[in-house]
Amino acid sequence: MCEEQTVSLVDVLEEDEELEEEASAVLAGSDSDHCSYPQGYVKRQALYACNTCTPKGSEAAGICLACSYKCHEGHDLFELYTKRNFRCDCGNGKFSELQCKLHPDKDEVEDEMIQCVVCEDWLHGRHLGCVVPDCVELQEMICESCMKTHSFLWTYASHLAVPGGAAEVKEETAKEPTIPIKEEEVDDAIEPSCKRSHEEVEPRCRLKELQVIGQKRVQSGAVFWPSPWRSKLCSCRICQLRLLEAGLSFLLDESDTVLAYENKGKNSEQRRQEDDPLMSALDNLNHVQQLEIIHGYNDMKTELKDFLQRFAAEGKVVTSDDIRQFFEQQSRKRRRVDAGEFYCT
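Conventions used here
Residues numbered from 1 in each chain as written. Predicted model: local features only at pLDDT ≥ 70, side-chain atom pairs only at ≥ 80, totals over all residues. Heavy atoms only, no water. Helix = DSSP H or I, 4+ residues; strand = E, 2+ residues; numbered from the N terminus. Buried < 20%, exposed > 50% of the residue type's maximum accessible area, 1.4 Å probe, protein only. Contact = heavy atoms within 4.5 Å. Areas by Shrake-Rupley, 256 points an atom, 1.4 Å probe, with all protein chains shown as cover. Pairing = 2+ DSSP bridges. Salt bridge = Lys/Arg side-chain N within 4 Å of Asp/Glu carboxyl O. Disulfide = S-S within 2.5 Å. Phe/Tyr/Trp six-rings, centres within 6.5 Å; stacked < 30°, edge-to-face > 60°. Lys NZ or Arg CZ within 6 Å of the ring centre and 35° of its normal. Polar contact = N/O pair within 3.5 Å; in protein donor to acceptor, adjacent residues only side chain to side chain.

As annotated in an unreviewed UniProt entry, the protein carries the name UBR-type domain-containing protein and is attributed to Astatotilapia calliptera.

See the structure below:
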């Protein structure tokens, strides 16, 4: 005889919370009534693809949450989760026979914008002078203007950047710009009051080693870099000073990336949830107490939903007084139940 599988209240609440978080992650920041097109390139929003309007073989297009309801109702839709810096395509040139019902005045074709990690300006993909690679969210981009301003970055680009953006030439086609920094200047800037020990060995310059290899890249267009590229930059004393004088010292800091910033936020939220006193308290309850709480939680959740649906059906606005009245009724109901249980005993 197999043992009956039991589920604790903590398990139920965590599963319910996970489902709510997933729905919130996709839909909470999106407007279900108005097309997001007038907002421009939204920082992050829920997106869908319509297989009915853009079948296989046609140009890929994304539509916002509101358009998926109003313009593509009953269509074969695919959820694309969320995407940053995207503008709704519904009804633009990617759709041959569809006009957006919510915002019909749209440009022919939309183009996503990508931020340069050096100047931090936003540029349209079509203005980058190169092919935008897949999974661009996991990569960093340096625009052509910044690459030309800091020309030594082209040496790194030949070896570290995402291939395919521009043609690569194996032989030297141009002499690498000379570096106007002398080792004596570095010593004075970094160690002005003492001399280095003879036993201290200066690390090899990674940049010079790449220059010796001689592989060149056509110096045009923006450059995309895979996520670990910063860790491969040279951090010798000369290169540190060069980056400092160019205002690029942050390139040696891997925690400076947008991806690292987002991961830090996710980890902070995870730690906050782990330290939730409510979840810790529930762990200390026995099985019967947990069942009582979960039943009460589900009853209140159902009653609150029914309470709010009445307002929606009548087109009324829910005020703070309405919410206060609901919970006062719940409190009185709970007291009557407790009194009845006491009387019966």
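Participant: So what exactly am I meant to see when it comes to the overall build of the protein here?
Facilitator: Helix and strand counts for the protein stand at 11 helices and 8 strands. Scored against the burial criterion, the 345 residues of the protein give a buried share of 33%. Contacts spanning at least 24 positions in sequence make up 72% of the contacts within the protein whose residues lie at least 6 apart. As displayed, the protein offers around 22,700 Å² of accessible surface, 52% of which is attributable to carbon and sulfur atoms.

Participant: I'm lost on the pairing of strand 5 (residues 139–142) in this one. Help?
Facilitator: Regular strands place side chains that alternate from one sheet face to the opposite one. Side chains of strand 5 alternate between two faces, with Q139 and M141 and E140 and I142 buried alike. One ladder, built from 4 bridges, connects strand 5 with strand 8 (residues 223–226); its direction is antiparallel. Considered in strand 8, the bridge of E140 is made with W225.

Participant: Please explain the pattern of salt bridges as it appears in this structure.
Facilitator: It is possible for side chains bearing opposite charge to pair when their charged atoms get close. Summed over the entire model, instances satisfying the criterion amount to 8 salt bridges. Linking K70 and D33 is a salt bridge whose minimum nitrogen-to-oxygen distance equals 3.8 Å. Of this pair, K70 sits in helix 2 (residues 65–70) while D33 sits in the loop between helix 1 (9–27) and strand 1 (42–50), placing them 37 residues apart in sequence. A salt bridge links K94 to D89; the shortest N-O distance between them is 3.4 Å. Residue classification places K94 among the buried positions, given a relative accessible area of 17%. Among the charged side chains, a salt-bridge network with shared partners connects E140, R230 and D256.

Participant: Mind showing me how you'd approach helix 4 (residues 153–160) here?
Facilitator: Turn by turn, an α-helix covers 3.6 residues, leaving residues three or four places apart pointing in a common direction. Taking burial as the measure, the 8 residues of helix 4 include 7 buried ones, the bulk of the element. Within helix 4, the full set of buried residues consists of L153, W154, T155, Y156, A157, S158 and L160.

Participant: I would appreciate a short explanation of the state of the cysteines in the present structure.
Facilitator: Applying the stated criterion to the full structure yields 0 disulfides. Left unpaired, C50 is separated from the closest cysteine sulfur, that of C53, by 3.6 Å. No disulfide involves C71; its sulfur sits 3.9 Å from the nearest other cysteine sulfur, which is in C90. Among the residues examined, C71 registers a relative accessible area of 5% and is labelled buried.

Participant: What am I meant to see in the packing of aromatic side chains here?
Facilitator: Two aromatic rings, taken as a pair, are described by how far apart their centres are and by the angle between their planes. Overall, the coordinates contain 4 aromatic pairs when judged by the stated rule. Judged by centre distance (5.1 Å) and plane angle (35°), the ring pair of F307 and F326 falls under tilted. Residue F307 is located in helix 10 (residues 287–314), and its partner F326 is located in helix 11 (residues 320–344); the two are separated by 19 residues in the primary sequence. Its relative accessible area of 3% is what places F326 among the buried residues. Residues F326 and F327 carry aromatic rings whose centres are separated by 5.1 Å and whose planes lie at 80° to one another, so their mutual orientation is edge-to-face. A network of ring pairs unites the aromatic residues F307, F311, F326 and F327 as a single cluster. Directly above the aromatic system of Y37 lies the positively charged group of R87, at a separation of 3.9 Å from the ring centroid. Stacked on the ring of F152, the Lys or Arg R242 has its end atom at 5.6 Å from the ring centre.

Participant: Would you explain unusual backbone geometry in this entry?
Facilitator: Peptide bonds are mostly trans, and most non-glycine residues show a negative phi. For E120, which is not glycine, the phi dihedral falls at a positive 65°. The topology assignment puts E120 in the loop between strand 3 (113–115) and strand 4 (122–124). With a relative accessible area of 52%, E120 lands in the exposed category.

Participant: What am I meant to see in helix 7 (residues 237–245) here?
Facilitator: Listing the buried residues of helix 7 in full gives R237, I238, C239, L241, R242 and L243. Phi turns positive one or two residues past the end of helix 7, at G247, with a value near 75°.

Participant: Would you take a moment to explain the environment of H34 for this structure?
Facilitator: With respect to the element layout, H34 can be found in the loop between helix 1 and strand 1. A residue is classified by how much of its surface remains accessible, and H34, at 51% relative accessible area, is exposed. Between the alpha carbons of H34 and K70 there is a distance of 9.2 Å; along the sequence they are 36 residues apart. Contact partners of H34, with chain neighbours within four places excluded, come to A66 and L102. Side-chain polar atoms of H34 contact the side chain of D31, separated by 3.0 Å.

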